[in-house]
Amino acid sequence: MSGTYLGMPAFPEAAREAVRDGVLRANLRHATHTIRGKRALAVAELADWDRLRAAGRAVKDHTLRHLDRYLLQLEAAVTAAGGTVHWAADAEEANRIVTELVLATGERELVKVKSMATQEIGLNEALQAAGITAYETDLAELIVQLGHDRPSHILVPAIHRNRGEIRDIFRTEMGRWGRPAPEPLGDDPRELAEAARLHLREKFLRAEVAVSGANFMVAETGTMVVLESEGNGRMCLTLPETLISVVGVEKVVPTFRDLEIFLQTLPRSSTAERMNPYTTMWTGTTDGDGPSAFHLVLLDNGRTDTLADPVGRQALRCIRCSACLNVCPVYERAGGHAYGSVYPGPIGAILSPQLRGTADAIDASLPYASTLCGACYEVCPVAIDIPEVLLHLRERVAQGGPVTRDGIRVRIRPAHGHTAERAAMRAARLLLGHPGALRAGERLLARARRLRPRRLPGPGRAWTDSRELPAVPAESFRDWWAREREACR
Amino acid sequence: MSSRDRILARVRRAVGERGPEPEIPRDYLRVHGVRTPAESTDLLAAHLAEYRAKVHRTDEDGLPPLLTRLLAERGCETVLVPPALPPHWLAAAAGPVRIHDRAASTPSELDRVDSVVTGCALAVAETGTIVLDGGPDQGRRRITLIPDHHICVVRVPDQVVDSVPQALERLDPVRPLTWISGPSATSDIELDRVEGVHGPRTLEVVLLGAQ
Ligand code: SF4
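All residue numbers refer to positions counted from 1 along the written sequence of the respective chain. Both sets of labels track the order of writing: A upward for chains, 1 upward for ligands. Where totals are concerned, whole chains, interfaces and linings use all residues; where local detail is concerned, this predicted model gives features only for residues with pLDDT of at least 70, and gives and counts side-chain atom pairs only at 80 or more. The side-chain values count all of the structure's non-hydrogen atoms but skip hydrogen atoms and water molecules.

Trainee: Explain the overall build of chain B to me, using residue names and the numbers behind them.
Mentor: The helix and strand tally for chain B stands at 5 helices and 12 strands. Computation of the radius of gyration draws on C-alpha atoms alone. For the globule rule, the value is 2.2 Å times the number of residues to the power 0.38. In terms of overall size, chain B is more extended than a compact globule, its C-alpha atoms giving a radius of gyration of 21 Å where 211 residues would be expected to give roughly 17 Å. Per-residue accessibility, obtained with a 1.4 Å probe over protein chains only, is compared with the maximum for each type, and a residue is labelled buried under 20%, exposed over 50%, and partly exposed between these values. Put simply, chain B has 211 residues, and 58% of those count as buried. Sequence-distant contacts, at least 24 apart, represent 72% of the contacts inside chain B between residues at least 6 apart. If you sum the accessible surface of chain B, you get close to 8600 Å²; carbon and sulfur atoms cover 52% of it. Within chain B, the 30 negative side-chain charges are centred at a point lying 8 Å from the centre of the 25 positive side-chain charges. Put simply, DSSP H or I for four residues or longer makes a helix, DSSP E for two residues or longer makes a strand, and each gets a number counted from the N terminus. Contact definition: two residues touch when any of their heavy atoms are within 4.5 Å. Accessibility throughout is a Shrake-Rupley quantity obtained with a 1.4 Å probe, and a residue counts as covered only by protein chains that appear here. Only four residue types enter the tally: Lys and Arg on the positive side, Asp and Glu on the negative side, with His and both chain ends excluded. One atom stands in for each charge, and that atom is NZ of Lys, CZ of Arg, CG of Asp or CD of Glu.

Trainee: Kindly report on the UniProt feature "domain: LUD" (unreviewed entry) in chain B, identifying the contributing residues and their values.
Mentor: UniProt positions are given in the numbering used here, feature names are shortened, and annotations may be inferred rather than shown by experiment. Per the UniProt annotation, the sites labelled "domain: LUD" (unreviewed entry) are residues 108–208 of chain B. A distance of 32 Å separates the end C-alpha atoms of residues 108–208 of chain B, which is 11% helix and 35% strand.

Trainee: Hey, could you go over the site of the ligand for me, with residue numbers and the actual values?
Mentor: Any residue with at least one heavy atom within 4 Å of a molecule or strand is counted as near it. Every residue close to the ligand is listed here: Cys318(A), Ile319(A), Arg320(A), Cys321(A), Ser322(A), Cys324(A), Ile347(A), Cys380(A), Pro381(A), Val382(A), Ile384(A) and Ile386(A). Ten residue types, Ala, Val, Leu, Ile, Met, Phe, Trp, Tyr, Cys and Pro, are classed as nonpolar, four, Asp, Glu, Lys and Arg, as charged, and the remainder, Gly among them, as polar. Of the residues that constitute the shell around the ligand, the class distribution is 10 nonpolar, 1 polar and 1 charged.

Trainee: I'd like a description of the sheet that holds strand β3 (residues 97–100) of chain B, backed by residues and values.
Mentor: All names here are of chain B. Spatially, the 6 strands line up as an open sheet ordered β1-β12-β7-β4-β2-β3, and their pairing is parallel. Only two strands of the sheet have a single partner each, and these edge strands are β1 (54–58) and β3. Between one strand and the next, the sheet's axes are offset by a mean angle of 25 degrees, whatever the strand orientation. Relative to strand β4 (residues 115–118), strand β2 (residues 78–81) runs parallel, the two sharing 2 bridges. Whether two strands pair depends on DSSP finding at least two bridges between them. Geometry is summarised by axes, namely lines fitted to C-alpha atoms with helices restricted to the contacting stretch, and by angles between N-to-C directions that run from 0 to 180 degrees.

Trainee: Residue-level account of the pairing of strand β3 (residues 133–136) of chain A, with values.
Mentor: All names here are of chain A. By the alternation rule, side chains of β3 split into Thr133 and Tyr135 and Ala134 and Glu136, which are all buried. Judged from the 4 bridges that link them, strand β2 (residues 109–112) and β3 form a sheet pairing that is parallel. In the strand pairing of β3, Leu110 is matched with Ala134.

Trainee: With reference to specific residues and values, describe the side chain of Arg317(A).
Mentor: Residues and elements named next belong to chain A. Along the chain, Arg317 turns up in the loop between α13 (303–307) and α14 (323–327). Within polar-contact distance, the side chain of Arg317 engages the backbone oxygen of Val382 at 2.9 Å. In contact with Arg317, other than residues within four places in its own chain, are Arg57, Lys60, Asp61, Leu64, Val382, Ala383, Ile384 and Asp385. Distance and chemistry together define a polar contact, namely a pair of N or O atoms within 3.5 Å, with one atom able to donate a hydrogen and the other to accept it when in protein, and with adjacent residues in sequence counting only for side-chain atoms on both sides.

Trainee: An account of the UniProt feature "domain: LUD" (unreviewed entry) in chain A is requested, with residue identities and associated values reported.
Mentor: Sequence positions flagged by UniProt for "domain: LUD" (unreviewed entry) are, in local numbering, residues 73–285 of chain A. Secondary structure across residues 73–285 of chain A comprises 45% helix and 19% strand; the distance between its end C-alpha atoms is 18 Å.

Trainee: So what's going on with the pairing of strand β9 (residues 278–283) of chain A? Residues and values would help.
Mentor: In terms of burial, β9(A) is a largely internal element, 6 of the 6 residues being buried. Of the two faces of β9(A), both are covered, the one formed by Tyr278(A), Thr280(A) and Trp282(A) as well as the one formed by Thr279(A), Met281(A) and Thr283(A). Inspection of the sheet shows β9(A) paired to strand β9 (residues 177–180) of chain B by 4 bridges, in the antiparallel sense. The partner of Tyr278(A) across the bridge, within β9(B), is Ile180(B).

Trainee: Residue-level account of the sheet that holds β9(A), with values.
Mentor: Think of a sheet as strands paired side by side through backbone hydrogen bonds, with each pair either parallel or antiparallel. One open sheet accounts for 8 strands, arranged β8(A)-β5(A)-β6(A)-β9(A)-β9(B)-β6(B)-β5(B)-β8(B); its pairing is mixed. Two strands lie at the open edges of the sheet, namely β8 (252–253) of chain A together with β8 (160–161) of chain B, each paired on one side alone.

Trainee: Please provide a residue-by-residue account of the interface of chain A and chain B, values included.
Mentor: The interface is formed by 90 residues belonging to chain A together with 73 residues belonging to chain B. Carbon and sulfur atoms make up 56% of the surface buried where chain A meets chain B, a total of about 7400 Å² over both sides. Defined here as a combined quantity, buried area equals the accessible surface (1.4 Å probe) lost by two parts on assembly, summed across both. For chain A, the biggest contributors to the area lost against chain B are Arg65(A), Arg197(A) and Arg274(A); these three give 10% of the whole. Basic side-chain nitrogens of Lys or Arg form a salt bridge, by our definition, when they fall within 4 Å of a carboxyl oxygen of Asp or Glu. Measuring nitrogen to oxygen at the nearest pair gives 2.9 Å for the salt bridge that ties Arg12(B) to Asp68(A). At the junction of chain A and chain B, the tally comes to 40 residue pairs in polar contact (both at pLDDT 80 or more). Examining the composition of the side of chain A that touches chain B, we find that 11 residues originate from one element, helix α10 (residues 189–206) of chain A, more than from any other.

In structure tokens:
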């Protein structure tokens, strides 16, 4: 699994790989450029965009500074409205809470709304280990799940797949999970969407349990908000008897009124629409309408550690619109898998190393996965200064300094004190600027790969307690990037 | 220590001393543009149509025959009705069997129903959105979700607001809220927009008011 996580075959066969890369790059280029153009138009429609952006930023910063107060207020409001609130310090605890809640219902399968928090904690795998099957219901997530693949974009997770590939996946895999794809099946998106509709409807209509994330949680009222397009979210959020939402603590906003900012900026920034087709808001449970049991799992998993860094904490403002991915020249060429995390692109480059620490070579290298062109900051609807955080993290990785891990203030040593990794870091820094250093970098990375421990020592340990340490990719982000650039010449 | 206490303690340690806070700037616009009620309704219609909802306009007298025609055009044999849908709306529709919104209906039963007719809580002109709040003329959330054809009646201009800020101020957060902007859609396959994956593939909005 960790091999596919990074999207790179362990033993690439040079010729086949080159073709695949060509397809990937074409898919990505088409996609990011299409969204980019549309988004600019949607944003230009609002004369007060800059003011909405400043207000969004201020609301998020204010909430983060008083996060304890707003989480307690949220807990009280959700509880008063008939929900139950659980607190999870890390991935393992969140997975355990959800698994126990599902087992208590007596069910062994559930439907899922696309959620990055549950991908971050590896929930599907944890459920699988407990004998519970989680079905992804977002079309792109379904494509990813059926394709034994990993998402490569926040908003359009199967952006790396074209229609022909999707048809092939549906044909061979749908039957193993439930209703098979209709025969014959063409590669027209309409036909493919219809196949997904039929396949998933079977699951929606009998589902007793659903798992979701949330885009926003309102402290004042206990209201949860999910934005989506297909209706799979509405299906999961209203039909099952039990609804479990796993949500990062940073998703809280103080008041219902605050939604007026984000409901204007999020859809325009992400899908370039004035409004996404469906938004569902619910507060606890409602008699006779929707789930009779609602559980909210508040997830920390590195967020409070991120909050402890005065420069890096702005990453917690992120509303996951994905605008920064679509403008990033590095993402466009490398694709989402290269980032080795559920959070790809510029936001991933600053969020993952903070959530997970920089003990792992991938995480330590992410702050270098940028040209610092600043396009990501320009489009960000909550004005996260991604280049500033990238530079800050580079300094931490290269020179060491104070960080918080699991709530404890520690000093990290340069590049985690690991000689090979440190050398790799130096190579990484050189690579983006000096392609000539490529060969040296490759050799150093190969060494770092061999030295990979199965579990992290020190502060990173808790993280590896709940999961296998992902393999250093067969090819790292910067090798990939450099090779791609070479190939383009 | 419970995880709750641990997380809260970590937050407090992370943010440290909290000095005075700058006010959150609320100088963004409440509404984008100045419009007469008729212009707001026109804008709503245009934006709904742009996301491929079918838009119709009629008055009280015209509504029953219009609904009859829209249901007949789809060969509708069964239609879901919320508890307090004004009875005369469907009085002329002799054909389709009325299915009442009941707690006991299973999702599979609802899946066999052809169409659903509802009112709404309000509509937002600037974004082309209708909002349902589970009111008695709208019924449970699932009845507007499972059938493939949803007809939603919006009283104009009373139920039309211009903007998202105006909408939120009129909604009750405690009610279950469903915001609908055009029919179900996906752009997940090569970013080609396809209408209808799981929600109703056809959304018809009837703007009801003096013509
Ligand atoms: S960092 Fe900003 S632009 Fe990127 S996904 Fe988050 S909110 Fe959107």
